[in-house]
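Structural description and commentary
Given next are the chains, with one letter for each unit.
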Amino acid sequence: MTEIRQRDEAEEAAGEQISAADADVTAHDPSRESVAEEGHDAAVHAEAAPETRSEARREAQEAGPSADASRDSLVLVVEPLLPQRIRRPSDALRFLATLAALAAVILLALVAKQTLDGLEKDVTDGTSRAPDLLIGVAAFLAGTAVLAVPAAYAVERVFHRDGLRVAEGLIAAITGMLASFVLGEWLAVAGPGDLRQLLTGGRSVEPINTLLTSVVAYVTAVRISRRPTWRAVMWMAIALDVFALFTGAEATALGVFVTYLVGLAIGYATLYVVGSPNTRPPGSTVIATLRRLGFVPVKARRINDDPQGSRRYAVTMSDERRLDVTVLDRDRQVSGVLYRLWRRIRLNSETRRRAIRSLRAELEREALMAYAAQAVGANTPRLVGTSEIGTDAALLAYEHLETRALEDVADDELTDELLIKIWKQVELLQAQRLAHRRLTGDSIHLHGGEVVLMDARSGEIAAGDLLLRLDVAQLLTYLALRVGPERSVVSASKVMPKQALAGALPLLQRIALTRGTRAEVGKNKELLPALREHIVALTPQVEVEEVRLERFRPRTVVTIIASALAAYFLLSQLSRVNLADVVTSAKWGWGGVALAAAGMSYVAAALMLRGFVPEALPLGRTVLAQFAGSFVKLVAPAAVSGVAINTRYLQKRGIAPGLAVASVGASQLVGLGFHIVLLLLFGYVTGTKAAPSVSPSRGIVIGLLSAGVVVLLVLAVPQLRRLVAGRIKPLFSGVIPRLLDVLQSPRKILEGVSGTLLLTLAFIVCLDACVRAFGGSLPFTSVAVVFLAGNAIGSAAPIPGGLGAVEASLSLGLTLSGLPGTVATSAVLLFRLLTFWLPVLPGWASFAWLQRHDAL
């Protein structure tokens, strides 16, 4: 945050700077360029004969540096009028950071309530011991200073004709007063009781001090922090006011913190909404800076901004040469910072870039990369000058090249010769450890028949292997989008070493690409796999280690949140259970039955898998593979972990990947069918026991009708039909032929069907034994319905092991079946302990053993 705060605007009155800038700039709308040229004598004079220009330059040189302003008036600068006010991204970022700090302070206060109460008592005791005279003097001085200092600053600003800044401060102060009043009333009437107690201390005081909020919002909006003397005086006034509030028992410690943060947030919000004075240097200032660098510009025109948002000018020199000038504005340095922060947090350290970089660092980075690229002989625009423009901008001047961006070139113009030239330029950079990091259609240009690399600001010198490989992966992907994967790989193979292509193989991931390329790849799901296939075909003998770019995936965040909710649910359930009574009164003989049933489920799962694989599988290792799946459940959804482990196990047994997937898919398909049939069967039996007739229960009928409606809806809507088909087809492709192979062996059929039934019955027996262990009693069919329904919900939940979803559904199902809530909760917790948590340790041991023996 320190770099964000580096002089967002000049310390003195921005209004005066804007007036001066508006007076200097010779700015016109580009659409009226011809009118501007005809209407300005100075501009016409600048376009006079070369002899006149030479004479004017000699006269200007004799006049010395004091003649800069008159010389600039001879140059026509065609650009849109710069806005007088702009919204600075840094203000929005500070506003969001303040809100985050406010939330953190409140959460910390709620967690450490007792500590904060003790601190509040200590502060109150300490301030109450102050002499009455000191308290009275402090109260008088605080009340006076906290109003007098902002008023004096306002007078000083108005005297310097900067009344607009004072108006911004008044808007912030009024907004702060209204916001603090509304928040205070809400906290006093309907807010959380604990928070209200912490903010008021149980006394009749304002939760959020209205006056202090207004003052903080005011001084933030007028940016008084830019003036050291005024800042020190203002802080003294605020400190006196806080001391007076404490001694008079009119505020709490948390109340003061919250008041300050609310005022700060309102001040920054006001600055962003109202806007700040625009201190970006106009074109005339850019021309003056070029003159100080020794150039003699005679005409300049603002052109389109570069891909990173910097201003660009096309400047014509007196000798008819042209320069392309890039202007870096300080207020643009934090644009897109939230995206960069997210990437910095999500990606590994070597691939990420600094989210916030100072203006000076940005200037030096681009200049250094440009000079390094020139030194290695790469075709890049030659950097001829750099300079800061005051305190709020900097420029880089490049020799102009008439180029065409590759994104503007038709696909049929991308010949093999041109593709090879592109790769040769990249190879020059890679040979000297230079990473471009933005090899896209807008940074690769054509100059005549040659390739020119532009936009070096994102580059890295002395780059590591990973960054160089990322460049190759990015360019391979971009060219594949234009000319197809095969031509992209073939053209690269004619220039780049095979090791470089193989090194890019594990980096062909969407997360590794630039934002625009990533979006295009998202529309073509087959592109990256096709690129990998062609690279493997060219480099079959090269082995490259897998690279993980992400620290975590968004799915991991969802998993953490879901796990936290599940833990909260379990803790809330446990709070209703007396664990001591439960443990002492439980019938642990039934617990042994439940443990045996849980262990039998792994043998049943192994038999189920063996039954759908025509090849012979050893029973022992297959059981260990099922235990390994219980370990993987900790980090993957229940419906995914078993499939992945079993598929990998079969591949290690020498079964082809397609056949392995088909075998696991066949077992899952048959298991799903048995699951549905058993659910309907046990539901029907449960309904007939509860009713005198043999007709199915109303719940079963409603369930069947609901399922039918869902199926019809999926079949009727094309988008849903394609979505479901796309998800199911890869899983079960090749399943039918595999099932036909299994049907040829009656022994395999018996083994698979018996394993499937035994697996389900083992879990039902385990849950029933857990219920009986805590003194509960339900019909076996009711327990079966509850388990089958809860297991289906857990498998569908996108969280590891269905954590939370299974517990909630099983507890609810047992309670609705007539079991007391405490017994249902205890039974479910024991069931999950035996079937989910207890197998984790043997699962880890099995996973490690199988990996050591190359069986997984």
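Residues numbered from 1 in each chain as written. Predicted model: local features only at pLDDT ≥ 70, side-chain atom pairs only at ≥ 80, totals over all residues. Heavy atoms only, no water.

Inspection of the entire model under this criterion finds 28 salt bridges. The closest approach of N and O atoms between Lys421 and Glu450, which form a salt bridge, is 3.9 Å. Of this pair, Lys421 sits in helix H17 (residues 416-431) while Glu450 is found in strand E11 (residues 450-453), placing the two residues 29 residues apart along the sequence. Owing to a relative accessible area of 22%, Lys421 belongs among the partly exposed residues under this scheme. Arg438 is the salt-bridge partner of Asp442, the closest N and O atoms lying 3.5 Å from each other. On the basis of relative accessibility, which here comes to 23%, the residue Asp442 falls in the partly exposed class. (Salt bridge = Lys/Arg side-chain N within 4 Å of Asp/Glu carboxyl O. Helix = DSSP H or I, 4+ residues; strand = E, 2+ residues; numbered from the N terminus. Buried < 20%, exposed > 50% of the residue type's maximum accessible area, 1.4 Å probe, protein only.)

Among the nonpolar cores identified, the biggest contains 53 residues, and Leu406, Trp423, Leu475 and Leu476 are the most heavily contacted of them. Elements with a contribution of two residues or more to this core: helix H16 (359-375), H17, strand E10 (444-447), E11, helix H18 (465-483), helix H19 (485-493), helix H20 (498-504) and helix H22 (527-538). If you tally residues by element for this core, the top one is H18, at 12 residues. Apart from the residues lying within four places of it in its own chain, the contact partners of Leu406 are Leu414, Leu418, Ile422, Gly441, Ile444, His445, Leu446, Tyr478 and Arg482. Phe682, Val786, Leu819 and Phe831 belong to the second-largest nonpolar core, a separate cluster that totals 39 residues. (Core = buried A, V, L, I, M, F, W, Y, C linked by side-chain atoms within 4.5 Å. Contact = heavy atoms within 4.5 Å.)

The side chains of a regular strand alternate, first on one face of the sheet and then on the other. Sheet topology places strand E1 (residues 76-78) next to strand E4 (residues 297-303); three bridges connect them, and they run parallel. From the neighbouring strand, Val77 faces E4, where its bridge partner is Ala300. Here E4 pairs with strand E5 (residues 311-317) via six bridges, running antiparallel. Pairing of Ala300 across the sheet is with Val315, part of E5. (Pairing = 2+ DSSP bridges.)

Moving on to a nonpolar patch on the surface. A cluster of nonpolar residues, Trp590, Val593, Leu757, Leu761, Val765 and Phe780, forms a patch on the protein surface that exposes about 430 Å² of accessible area. Among the secondary structure elements, those contributing two or more residues to the nonpolar patch are helix H25 (588-611) and helix H32 (746-773). Examining the composition of the nonpolar patch, we find that three residues originate from one element, H32, more than from any other. Tracing the backbone through its elements, the reader meets Leu757 in helix H32. (Patch = residues over 30% accessible without salt bridge, like charges linked within 9 Å, V, L, I, M, F, W, Y side chains within 5 Å. Areas by Shrake-Rupley, 256 points an atom, 1.4 Å probe, with all protein chains shown as cover.)

A separate point is unusual backbone geometry. Look at Arg433: it is not a glycine, yet its phi comes out positive at around 60°. Note on placement: Arg433 falls in the loop between H17 and E10. The backbone phi angle of Ala462 is positive, close to 50°, even though this residue is not glycine. Within the fold, Ala462 resides in the loop between E11 and H18.

Before going further, it helps to examine the sheet that holds E5. Judged by pairing direction, the sheet is mixed, and its six strands sit side by side in the order E1-E4-E5-E6-E8-E7 without closing on themselves. For this open sheet the edge positions go to E1 and strand E7 (383-389), each flanked by a neighbour on one side alone. The mean angle between the axes of side-by-side strands here comes to 20°, regardless of whether they run parallel or antiparallel. Sheet topology places E5 next to strand E6 (residues 322-329); six bridges connect them, and they run antiparallel. (Axes fitted to C-alpha atoms, helices over the stretch in contact; angles between N-to-C directions.)

Okay, the packing of aromatic side chains next. All chains considered together, the criterion is met by five aromatic pairs. Ring centres of Tyr153 and Trp230 lie 5.3 Å apart, and the angle between their planes is 80°; this geometry places the pair in the edge-to-face category. With a gap of 77 residues between them, Tyr153 in helix H8 (residues 132-159) and Trp230 in helix H12 (residues 228-247) connect regions that are remote in the sequence. When the ring of Phe787 is compared with that of Phe831, the centres are 6.1 Å apart and the planes differ by 75°; the resulting orientation is edge-to-face. Of the two residues, Phe787 sits in helix H33 (residues 780-796) while Phe831 sits in helix H35 (residues 821-837), which places them 44 residues apart along the sequence. Using a relative accessible area of 5% as the deciding quantity, one classes Phe787 as buried. Connected via pairs of aromatic rings, a cluster forms that spans Phe763, Phe787 and Phe831. The side chain of Arg772 reaches across the aromatic face of Trp590, ending 5.6 Å from its centre. (Phe/Tyr/Trp six-rings, centres within 6.5 Å; stacked < 30°, edge-to-face > 60°. Lys NZ or Arg CZ within 6 Å of the ring centre and 35° of its normal.)

This part is about the confidence of the model for the protein chain. The share of residues in the protein chain with pLDDT of 70 or more is 71%, and the mean pLDDT across the chain is 77. Below a pLDDT of 50 lies the segment residues 1-73, which in the model reaches 108 contacts outside its immediate sequence neighbourhood of four places, other chains included. Within the model, the stretch residues 688-701 combines pLDDT values under 50 with 12 contacts to residues more than four positions away or in other chains. (pLDDT = per-residue confidence, 0-100.)

Turning our attention to the sheet that holds strand E9 (residues 404-405). If you walk across this open sheet you meet the three strands as E9-E10-E11, and the pairing is antiparallel. Strands at the two margins of the open sheet, each flanked by one partner only, are E9 and E11. Judged from the four bridges that link them, E10 and E11 form a sheet pairing that is antiparallel. Counted as the bridge partner of Ile444 is Leu453 from E11. Here H17 sits on the sheet and contacts E10 and E11; the angle it forms with E11, its principal contact strand, is near 40°.

Let us now look at the side chain of Thr380. Examined against the element boundaries, Thr380 turns out to sit in the loop between H16 and E7. In this structure, Thr380 is in contact with Ala370, Ala373, Gln374, Val452 and Leu453, ignoring residues within four places of it in sequence.

We now examine the environment of Ser817. In this structure, Ser817 sits in the loop between helix H34 (805-816) and H35. Here Ser817 falls in the partly exposed class, since its relative accessible area comes to 32%. Each C-alpha atom, one on Ser817 and one on Val786, is 8.4 Å from the other, the two residues being 31 residues apart in sequence. Contacts of Ser817, omitting those with residues within four sequence positions, involve Leu778 and Val786. Within the structure, Ser817 has its side chain in polar contact with the backbone oxygen of Gly813 (distance 2.8 Å). (Polar contact = N/O pair within 3.5 Å; in protein donor to acceptor, adjacent residues only side chain to side chain.)

Bringing the environment of Ala605 into the picture now. Topologically, Ala605 is positioned in helix H25. Here the alpha-carbon distance between Ala605 and Leu759, two residues 154 residues apart in the chain, equals 6.0 Å. Once you skip the residues sitting within four places of it in the chain, Ala605 turns out to touch Gln626 and Leu759.

A few words on the packing of H25 against helix H26 (residues 619-632). Running from amino to carboxyl end, H25 crosses H26 at an angle of 115°, the nearest separation of the two axes being 8 Å. Relative to H26, the element H25 lies roughly perpendicular. The chirality of how H25 crosses H26 is right-handed. Taking contact as the criterion, the partners of Tyr602, Val603, Ala605, Ala606, Leu607, Leu609 and Arg610 in H25 are, on H26, Leu619, Thr622, Val623, Gln626, Phe627 and Ser630. Along the lines of polarity and charge, the residues of the contact of H25 with H26 split into nine nonpolar, three polar and one charged. (Parallel < 35°, antiparallel > 145°, perpendicular 65-115°, else oblique. Left-handed = near helix turned anticlockwise from the far one by under 90°. Nonpolar A, V, L, I, M, F, W, Y, C, P; charged D, E, K, R; others polar.)

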